[in-house]
Amino acid sequence: MMTVSIIVPIYKVEKYIEQCARSVLSQTWPSIQFIFVDDCSPDRSIELLETLIDKEFANLKERITIIRKPVNQGLPQARKTGVEAAKGDFILHVDSDDWIEPNAVDKLVGKEEETGADVVYFFAWKEFGDGSSRVITDKEFATPQAFADAVLVHDAHPSVVLKFWRRSLFSPEIFFPRFGQAEDMVQSLQLLDRASKVVRLPEPLYHYRRTDSEAMSRGKRSKRKAQQLRNYLDLYLFYKNSLETSPIRRSYRKILRKAKWWSLLYDRSARKEYPELF
């Protein structure tokens, strides 16, 4: 029987953690390792999670791991901590302010067993604060490389939570970025390059919560773009000495070109921080 590891990073989500954890722990597939990573959350998120487990899911305690990081390092590094603890054949990432359908893992396992894919990607509901929602979809791609190319030009969804990943794709050489902005793209480009087969499951199995309905301020946008810029530059430097054989060999020129352009638009200080790239 296929084993699955579900990884949930936790930080400041006391308002949402119970709904997320309940959806994860209620999965109908019988062979799941549940990994919750506490990224030094300063609120009651972990307390609420532990209470929920004691009251409703005590029978699953042997399969539940709560990892407490000694310092806050951000979402990508929390994911990395979860991946390092994962033992399942496949990995499903779930953000702690979102939730999944109760039969999500069942359907993903079924699709993988039917096709032998390394990556199964699927649809999601985008849930807005006013109670409305819409479905997030993706095109069908013939190869993982075609999918990665589409991700790079924003023609496909980069999110790691909307993909069911074979664990062996997460080799020790995978780069996990410092910042949360564009971390999905950084991860997906590397993992898709390592995959041999990708298939689409055209069903919404994930609920992505979008509570900020206001337009992003110019200052906030600049800060987020500056973080994306540094993730891209760090990714390039990580593979700098082996670019032609690296997972980003097909895209590093576009990544570097985009980063240079953004340094002019959003954060000129990057030119001093990364002088060898400008």
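Residues numbered from 1 in each chain as written. Predicted model: local features only at pLDDT ≥ 70, side-chain atom pairs only at ≥ 80, totals over all residues. Heavy atoms only, no water.

**Student:** Looking at this structure, how should I read the overall build of the protein chain?
**Tutor:** Along its length, the protein chain carries 9 helices and 9 strands. Against the compact-globule benchmark of 19 Å for 278 residues, the protein chain has a radius of gyration of 19 Å, which places it among compact chains. Overall size of the protein chain, expressed as C-alpha extent along the three principal axes, is 55 × 40 × 40 Å. Considering only residue pairs separated by 6 or more positions, the protein chain has 78% of its internal contacts joining residues 24 or more positions apart. Accessible area of the protein chain: about 13200 Å², with a carbon and sulfur share of 48%. Put simply, the protein chain has 44 plus and 39 minus side-chain charges, and the middle of one group is 7 Å from the middle of the other. (Helix = DSSP H or I, 4+ residues; strand = E, 2+ residues; numbered from the N terminus. Rg over C-alpha atoms; globule rule 2.2 N^0.38 Å. Contact = heavy atoms within 4.5 Å. Areas by Shrake-Rupley, 256 points an atom, 1.4 Å probe, with all protein chains shown as cover. Lys, Arg positive; Asp, Glu negative; His and termini not counted. Charge placed at Lys NZ, Arg CZ, Asp CG, Glu CD.)

**Student:** Can you help me understand the environment of Glu-127 in this one?
**Tutor:** Checked against the element boundaries, Glu-127 lands in strand 6 (residues 119-128). Its relative accessible area of 15% is what places Glu-127 among the buried residues. Separated by 82 residues in sequence, Glu-127 and Arg-209 have C-alpha atoms that sit 4.8 Å apart. (Buried < 20%, exposed > 50% of the residue type's maximum accessible area, 1.4 Å probe, protein only.)

**Student:** Even after reading the chapter, I still don't get the pairing of strand 1 (residues 4-10), so can you show me in this structure?
**Tutor:** Looking down a regular strand, the side chains alternate between one sheet face and the other. Among the 7 residues in strand 1, 7 count as buried, and that is most of the element. Neither face of strand 1 is exposed, since Val-4, Ile-6, Val-8 and Ile-10 on one face and Ser-5, Ile-7 and Pro-9 on the opposite face are all buried. Note that strand 1 and strand 2 (residues 32-38) share 7 bridges and pair parallel. Among the inter-strand pairings, Val-8 is bridged to a residue of strand 2, identified as Phe-36. In this fold, strand 1 hands off to helix 1 (residues 17-25), which returns the chain to strand 2; that crossover is right-handed. By the bridge criterion, 4 bridges tie strand 1 to strand 4 (residues 90-93) in an arrangement that is parallel. Bridging across to strand 4, Ser-5 finds its partner in Ile-91. (Pairing = 2+ DSSP bridges. Right-handed = clockwise from strand over helix to strand, strands pointing away.)

**Student:** When you look at the state of the cysteines in this model, what are you seeing that I'm missing?
**Tutor:** In a disulfide, the sulfur atoms of two cysteines are held together by a covalent bond. Scanning all chains against the criterion turns up 0 disulfides. Cys-40 provides the cysteine sulfur closest to Cys-20, a residue in no disulfide bond, and the two sulfurs are 19 Å apart. (Disulfide = S-S within 2.5 Å.)

**Student:** What exactly am I supposed to notice about the packing of helix 5 (residues 144-152) against helix 6 (residues 183-194) here?
**Tutor:** Each pair of packed helices can be summarised by the angle the axes make with each other and by the distance between the axes. Packing of helix 5 against helix 6 leaves a shortest axis separation of 8 Å and a crossing angle of 160 degrees. Relative to helix 6, the element helix 5 lies roughly antiparallel. Judged by the twist between their axes, the crossing of helix 5 over helix 6 is left-handed. Taking contact as the criterion, the partners of Pro-144, Gln-145, Phe-147, Ala-148, Val-151 and Leu-152 in helix 5 are, on helix 6, Met-185, Leu-189, Leu-192 and Asp-193. The residue inventory of the contact of helix 5 with helix 6, partitioned by class, reads 8 nonpolar, 1 polar and 1 charged. (Axes fitted to C-alpha atoms, helices over the stretch in contact; angles between N-to-C directions. Parallel < 35°, antiparallel > 145°, perpendicular 65-115°, else oblique. Left-handed = near helix turned anticlockwise from the far one by under 90°. Nonpolar A, V, L, I, M, F, W, Y, C, P; charged D, E, K, R; others polar.)

**Student:** Please clarify how helix 5 should be interpreted in this entry.
**Tutor:** Every α-helix carries 3.6 residues per turn, so stepping three or four residues along brings you back to the same face. Of all the positions in helix 5, only Pro-144, Phe-147, Ala-148, Ala-150, Val-151 and Leu-152 are classed as buried. Packed against the buried residues of helix 5 are strand 6, strand 8 (163-166), helix 6, strand 9 (198-210) and helix 8 (252-265). Phi for His-154, located one or two positions after helix 5, is positive at around 60 degrees.

**Student:** Please clarify how the packing of aromatic side chains should be interpreted in this entry.
**Tutor:** Each aromatic ring pair is characterised by the separation of its centres together with the angle its planes make. Under the criterion given, the structure shown has 10 aromatic pairs. Measuring from centroid to centroid gives 4.8 Å for Phe-141 and Phe-147, while their planes differ by 10 degrees, and the two rings are stacked. In this pair, the class of Phe-141 matches that of Phe-147, namely buried. With a centroid separation of 6.2 Å and an interplanar angle of 50 degrees, the aromatic rings of Tyr-236 and Tyr-252 are classed as tilted. Remark: Tyr-252 occurs in helix 8 and Tyr-236 occurs in helix 7 (residues 218-238); sequence separation between them is 16 residues. One aromatic cluster is present, built from ring pairs that chain together Tyr-121, Phe-141 and Phe-147. (Phe/Tyr/Trp six-rings, centres within 6.5 Å; stacked < 30°, edge-to-face > 60°.)

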